[in-house]
Amino acid sequence: MGNSMPVGVSLPGHHSPGVGFEAPFEMLTACHERVERMLNLVSRLVLHLATTGWDMQAATAASDIMRYFDLAAPQHHLDEEIHVFPAVLTLQKGRLDLLVYRLKQEHIQMEKNWCHIREILDRVAHADEKSWTDLSRTDTVAIALFQKIYKNHIQEEETYIYPAAIQALDRTQLDVMTRDMVRRRTSASDGR
C-alpha cells in the first residue's frame, strides 16, 4: 500500500448517495456492501501497518472502521432481528429456521468479537510513532476470524434469508419495516 492508495480517505459508502428506505431489502444489501468495504479497509489497514507502520493514515482508517461498526452495524443487525428473521420464521421451513437461529447467534458472536477488534483499532487510532507496537499474531488472527464470520454471514443472508423474508412480507409489513428503519436511524443521528 503506497502513497497512491491512502488507507483512510473517508468512510466508504457512508457519504455517497445510497439506496432509499423505500426499498428495505435493497437498503439491507447496500449495508452489506458497506460492511464488505469496511472489511476490505481492515485488510488494507493490517497490510499498511505491516509494511509501512503506524501513521496518521492508519489512525484515520481505524477511526473510520470503528465509527461504522459502532453506529451502522448495530442498526443493521436490529433491522434483521426485528423484521427479517421473524418473517422467515413464519414460513416454518425447518432448514431456514435453523439457519435463522444460527445467524442470530452469530450476531451475538460478532458483537463479542467486535469488542476485541475495536480495542485493536482503538490502539491504532490513538497511537503515535513513539508508542506504536506492531499488531500481534493474536490480533491478526482475531481480525481474520471477524472478517470470515462476517463474510460468510452476509452470503447466507443474501442467498437464503432475504429471499425468504421477501416472500413472507406483504406490502404493509414492508412499509412498517421501512418506517421503523427510518425512525431508528433518525433517532440515532439526533442523539436520542
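Since the model is a prediction, treat every value here as computed from it, not as a measurement. (Residues numbered from 1 in each chain as written. Predicted model: local features only at pLDDT ≥ 70, side-chain atom pairs only at ≥ 80, totals over all residues. Heavy atoms only, no water.)

**Student:** Would you mind showing me how to read the packing of aromatic side chains here?
**Tutor:** What characterises a pair of aromatic rings is the spacing of the ring centres plus the angle enclosed by the ring planes. Counted according to the given criterion, the structure contains seven aromatic pairs. Taking the centre distance of 5.8 Å and the plane angle of 35 degrees together, the rings of Trp114 and Phe146 count as tilted. Note that Trp114 is positioned in helix H3 (residues 94–125) and Phe146 in helix H4 (residues 137–168), a separation of 32 residues in sequence. The buried category is assigned to Trp114, whose relative accessible area is 10%. An aromatic cluster of at least three residues, connected via ring pairs, comprises Tyr68, Phe69, Trp114, Phe146 and Tyr150. (Phe/Tyr/Trp six-rings, centres within 6.5 Å; stacked < 30°, edge-to-face > 60°. Helix = DSSP H or I, 4+ residues; strand = E, 2+ residues; numbered from the N terminus. Buried < 20%, exposed > 50% of the residue type's maximum accessible area, 1.4 Å probe, protein only.)

**Student:** Mind showing me how you'd approach H4 here?
**Tutor:** Residues spaced three or four apart along an α-helix point in a common direction, a consequence of the helix completing one turn every 3.6 residues. Over its 32 residues, H4 extends 45 Å from the first C-alpha to the last, a length consistent with the 46 Å expected when each residue adds 1.5 Å. Helix geometry: H4 is bent most strongly at Glu157, by close to 40 degrees. (Expected span 1.5 Å × (residues − 1). Bend = angle between axes of the 7 residues up to and from the residue.)

**Student:** Explain unusual backbone geometry here, please?
**Tutor:** Generally, phi is negative for residues other than glycine and the peptide bonds are trans, each holding for most cases. Even without glycine at this site, Gln92 takes up a positive phi of about 50 degrees. Within the secondary structure layout, Gln92 lies in the loop between helix H2 (56–90) and H3.

**Student:** Sorry, what's going on with the nonpolar core here?
**Tutor:** Within soluble globular proteins, side chains that are nonpolar generally end up buried alongside one another. Counting residues in each nonpolar core, the largest one holds 53 residues, and the members touching the most others are Phe25, Leu45, Ile65, Phe69, Val84, Tyr150 and Ile161. Within the residue set of this core, elements represented by two or more residues are helix H1 (24–51), H2, H3, H4 and helix H5 (171–189). With 13 residues, H2 is the single largest residue contributor to this core. Setting aside anything within four residues of it in sequence, one finds Phe25 in contact with Val84, Tyr162, Ala165, Ile166, Leu169, Leu174 and Met177. (Core = buried A, V, L, I, M, F, W, Y, C linked by side-chain atoms within 4.5 Å. Contact = heavy atoms within 4.5 Å.)

**Student:** What am I meant to see in the pattern of salt bridges here?
**Tutor:** Working definition: two side chains of opposite charge can pair if their charged atoms are close together. Scanning the entire structure with this criterion turns up eleven salt bridges. Residues Arg184 and Asp79 are paired through a salt bridge, measuring 2.2 Å at the closest nitrogen-oxygen approach. Within this pair, whereas Arg184 is found in helix H5, its partner Asp79 is found in helix H2, the two being separated by 105 residues in sequence. Each of the two residues, Arg184 as well as Asp79, counts as buried. When salt bridges that share partners are traced, they join Asp79, Asp180, Arg183, Arg184 and Arg185 into one network. (Salt bridge = Lys/Arg side-chain N within 4 Å of Asp/Glu carboxyl O.)

**Student:** Is there a simple way to explain the side chain of Asp180 in this structure?
**Tutor:** Along the chain, Asp180 turns up in helix H5. Looking at Asp180, its side chain comes within polar contact range of the side chain of Arg183, at 2.6 Å. Excluding anything up to four places from it in sequence, Asp180 contacts Ile82 and His83. (Polar contact = N/O pair within 3.5 Å; in protein donor to acceptor, adjacent residues only side chain to side chain.)

**Student:** Explanation requested: the side chain of His107 in the structure shown.
**Tutor:** Tracing the backbone shows His107 in helix H3. Not counting residues within four places of it along the chain, the set of residues in contact with His107 comprises His77, Glu80, Glu81, Phe85, His153 and Glu157.

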